[in-house]
Amino acid sequence: MRIFQVIMMTLALLAGASVAQTAAWAQSAFGGGDTHIAAVLASESATPKAGAGTTIAFAMTPQAGWHGYWENPGDAGLGMSVDWTLPKGVTIGALRYPVPETLLISGLMNHVYEGPYAVLADLKVAADVAPGTHLPVRAKAQWLACTDKICVPQNGELALDLIAGDGTVTPADRTRFDGWRTHLPRPLGSQATYAVKDGTLRLSVPFPASAQASDVHLFPLAQGLARYAAPQQVTRDGDRLLIETQAGEGKGGPVQAVLRTGDHVGFLLTAAPGAVEPAAGGGGQWSAIFAALGGALLGGLLLNIMPCVFPILGLKAMSLAKAGGDERTVRREAIAYTLGVILTCMALGGLLLALRAAGMAAGWAFQLQDPRIILGLLLLVTAIAFNLAGLFELRAYGGGEGLAGKGGIAGSFWTGALVAFVATPCTGPFMAAAMGAALLLPLPAALAVFAGLGLGLALPFLFLAYLPALRNRLPKPGAWMGRVQKILSIPMFLTALGLAWLLGQQRGVSGMTIGLCAALLLALLLWALGGRQRLGKGGGLIAGLLAIALFAAASVALPSRAPAVAANEETTVHFDVARLAELRGAGKPVFLYFTADWCLTCKANEAAAIDRAETRAAFDKAGVTVMVGDWTNADPAITRFLESQGRSGVPLYLWYAPGKEAQTLPQLLTPATLAGLVR
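Residues numbered from 1 in each chain as written. Predicted model: local features only at pLDDT ≥ 70, side-chain atom pairs only at ≥ 80, totals over all residues. Heavy atoms only, no water.

> Can you walk me through the overall build of the protein chain in this structure?
Tallying secondary structure elements over the protein chain gives 17 helices and 23 strands in all. Considering the protein chain as a whole, with its 679 residues, one finds that 48% of them fall into the buried category. Carbon and sulfur atoms make up 62% of the accessible area of the protein chain, which amounts to about 31,300 Å² in all. (Helix = DSSP H or I, 4+ residues; strand = E, 2+ residues; numbered from the N terminus. Buried < 20%, exposed > 50% of the residue type's maximum accessible area, 1.4 Å probe, protein only. Areas by Shrake-Rupley, 256 points an atom, 1.4 Å probe, with all protein chains shown as cover.)

> Quick question: what am I supposed to make of the packing of aromatic side chains here?
Centre-to-centre distance and the angle between the planes together describe a pair of aromatic rings. Overall, the coordinates contain 15 aromatic pairs when judged by the stated rule. For the pair phenylalanine 591 and phenylalanine 619, a centre-to-centre distance of 5.6 Å together with 50° between the ring planes defines the contact as tilted. Placement of the pair is phenylalanine 591 in strand β20 (residues 590-595) and phenylalanine 619 in helix α15 (residues 613-622), with a sequence separation of 28 residues. Residue classification places phenylalanine 591 among the buried positions, given a relative accessible area of 0%. In this structure an aromatic cluster arises from ring pairing among Phe591, Tyr593, Phe619, Tyr653 and Trp655. (Phe/Tyr/Trp six-rings, centres within 6.5 Å; stacked < 30°, edge-to-face > 60°.)

> Honestly, the pattern of salt bridges in this entry has me stumped. Any pointers?
Two side chains of opposite charge can pair, provided their charged atoms sit close to one another. Going through the model one piece at a time under the given rule, you end up with 13 salt bridges. Sharing partners across several salt bridges, the network here consists of Glu44, Arg174, Asp178 and Arg181. (Salt bridge = Lys/Arg side-chain N within 4 Å of Asp/Glu carboxyl O.)

> Would you mind showing me how to read the side chain of threonine 615 here?
Within the secondary structure, threonine 615 sits in helix α15. At 2.6 Å, the side chain of threonine 615 forms a polar contact with the backbone oxygen of alanine 609. When neighbours within four sequence positions are excluded, threonine 615 is seen to be in contact with Ala609, Ile610, Pro671 and Leu674. (Polar contact = N/O pair within 3.5 Å; in protein donor to acceptor, adjacent residues only side chain to side chain. Contact = heavy atoms within 4.5 Å.)

> Whenever I open this one, a nonpolar patch on the surface confuses me. Can you help?
A surface patch of nonpolar side chains, amounting to about 350 Å² of accessible area, comprises Ile335, Leu339, Leu343 and Tyr466. The leading source of residues in the nonpolar patch is helix α5 (residues 327-357), at three residues. For leucine 339, a relative accessible area of 43% gives the class partly exposed. (Patch = residues over 30% accessible without salt bridge, like charges linked within 9 Å, V, L, I, M, F, W, Y side chains within 5 Å.)

> Looking at this structure, how should I read helix α6 (residues 371-388)?
At 3.6 residues per turn, the α-helix brings residues three or four places apart onto the same side. With 18 residues, α6 extends 25 Å from end C-alpha to end C-alpha; this agrees with the ideal 26 Å at 1.5 Å per step. Where burial is concerned, most of α6 is hidden: 13 out of the 18 residues are buried. Just past α6, the residue glycine 390 takes up positive phi, approximately 95°. (Expected span 1.5 Å × (residues − 1).)

> Sorry if this is basic, but what is going on with the sheet that holds strand β8 (residues 117-125) here?
Strand pairing in a sheet is mediated by backbone hydrogen bonds. Such pairs are either parallel or antiparallel. With antiparallel pairing, the four strands of this open sheet are ordered in space as β1-β2-β8-β5. Each edge of the open sheet is held by one strand with a lone partner, namely β1 (37-43) and β5 (90-92). For this sheet, the mean inter-axis angle between neighbouring strands, taken without regard to orientation, is 25°. Sheet analysis places β1 next to strand β2 (residues 53-62), joined by seven bridges and oriented antiparallel. Bridge assignment links serine 43 to a residue of β2, and that residue is isoleucine 56. (Pairing = 2+ DSSP bridges. Axes fitted to C-alpha atoms, helices over the stretch in contact; angles between N-to-C directions.)

Here is the structure:
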């Protein structure tokens with residue numbers, strides 16, 4: 001009965017295709033008929049640069065109920081074929097398909113796309129093509145549109161009229177093509193192994209235990225590796241995925257396949273024949289979760305020594321000294337502070353996961369890539385610094401007399417929220433691997449890692465609150481507290497200056513000037529408020545509303561983008577995946593590092609190790625190319641590359657020796673470490 005159903009389904013598909021083919025070609029000739037999958041040929045840049053090029057795409061939009069096919073369509077169907085007519089000096093690479101879906105119809109497995117999708121290709125322009133040259137690109141494309149009952153061949157003559165130029169890409173086109181690229185399979189980077197025994201295919205794929213994988217399915221790129229419609233059993237075994245299914249009729253040798261690990265997300269892998277060990281057990285992911293959680297706790301604990309965090313922690317310790325032996329007040333304060341830290345870390349982590357699930361390329365500390373948030377932090381840190389310096393009173397941060405009331409608890413909560421918000425860019429050196437793992441773990445485990453970061457950040461204050469013996473070692477309240485509070489204002493003023501500098505890096509001198517002017521106006525406003533407070537008058541609410549209005553006005557005045565800055569091409573090159581592949585293909589050593597102006601560790605490493613004369617001399621002598629990925633502003637290409645390395649943020653330092661895979665360097669560098677790479 002099963003064989004009969006398969007035969008009838010195949011005959012129905014072939015009959016529908018043969019009847020419709022004549023109609024489709026006739027409709028194309030006369031320009032009429034229905035287009036069940038509309039195709040548009042698009043270019044990322046209308047002015048591709050000579051010696052480089054651009055990415056082009058067939059943007060395909062199926063009608064409801066219709067689907068298109070992957071390059072290996074499975075048991076039935078047909079992928080896209082294209083005949084190009086190209087001008088002199090233009091070449092186009094192979095078509096690159098997004099990760100497909102599975103569609104089982106009457107026992108036949110189809111590798112399909114049931115919604116809009118794009119097939120990409122790289123267009124190259126020869127170096128000798130003169131700027132301004134007209135580049136007409138013509139494509140005669142054929143593809144198959146099917147429902148579960150009928151298939152209709154479709155075709156179209158598509159055109160692009162490009163002009164050789166500077167390779168400019170509009171933000172809208174960049175966003176559109178970045179969205180399509182997220183659905184392309186990424187190179188796995190490690191070779192898989194497969195074995196066939198008694199008609200069963202067993203495939204072992206290197207895959208970190210910390211990486212998230214759901215709805216896993218293997219799509220062979222060529223016939224013969226596996227039976228497409230056979231069930232696939234997937235087992236996680238430490239740092240690998242084990243896939244078992246019915247073998248095809250292949251003759252052995254290296255094979256390629258796409259491994260789906262999520263919704264239109266997957267990896268391109270190469271597998272060679274070899275021994276495949278059976279699964280040892282399923283505890284690998286739990287080990288990864290506990291490792292990430294431990295790293296998050298330790299990282300959060302160490303964050304308390306950062307200059308933007310320590311002053312507030314010191315101030316909270318002073319508030320405990322003022323609270324004396326009132327255990328109830330002290331512990332309420334500690335719990336409120338801890339909740340503020342943990343909930344903010346979880347909120348930032350949850351928002352990041354939501355942005356990534358929506359297809360946006362975002363990484364940890366993503367909020368600091370928005371200059372409006374930098375401006376808001378500049379004003380907030382300025383206010384805190386002047387509060388610590390004694391210019392005005394703010395009960396949420398100073399004064400232990402209000403801790404027992406509602407205002408004290410609320411102040412502690414928002415203090416914790418602020419600490420968590422500004423501490424995120426400093427997590428890199430302590431927990432880069434943990435943050436990278438958190439973004440790939442299942443949602444509950446990922447949120448647990450973010451909560452662990454918050455708990456580690458809040459631990460010192462919890463220790464002081466719940467260990468009276470430790471708290472009793474704090475100095476007794478006295479005049480010294482006022483002096484210490486003023487001393488603690490110094491690192492906060494330095495933090496404000498750092499934020500102003502960062503605003504300048506993101507939006508140029510005009511942006512930094514606007515930020516400093518806003519901070520100056522805020523200081524004058526707080527000075528007036530402090531004068532009223534010393535006379536026993538109020539005005540805090542009005543001052544707060546004026547500060548919000550000041551922030552809104554300054555945000556509107558910020559430039560929309562930073563002015564272009566010429567890079568020093570003699571010593572470094574900008575990060576580019578194609579350029580990196582070109583350098584590696586030529587056998588050149590490459591030092592690749594990713595940085596951001598808001599990353600304190602990045603700047604420290606650059607000053608202490610990367611930008612040192614001895615490092616430059618060693619690299620120059622060995623012919624090392626230094627490639628820099630600047631993540632100060634959001635860059636989807638950098639975000640995707642960081643993800644491929646199992647990271648969610650910066651810094652990241654990679655060394656590519658000639659002919660070898662990347663070596664990940666430590667988070668904290670020295671000149672000796674870098675010079676030793678080329679010895």
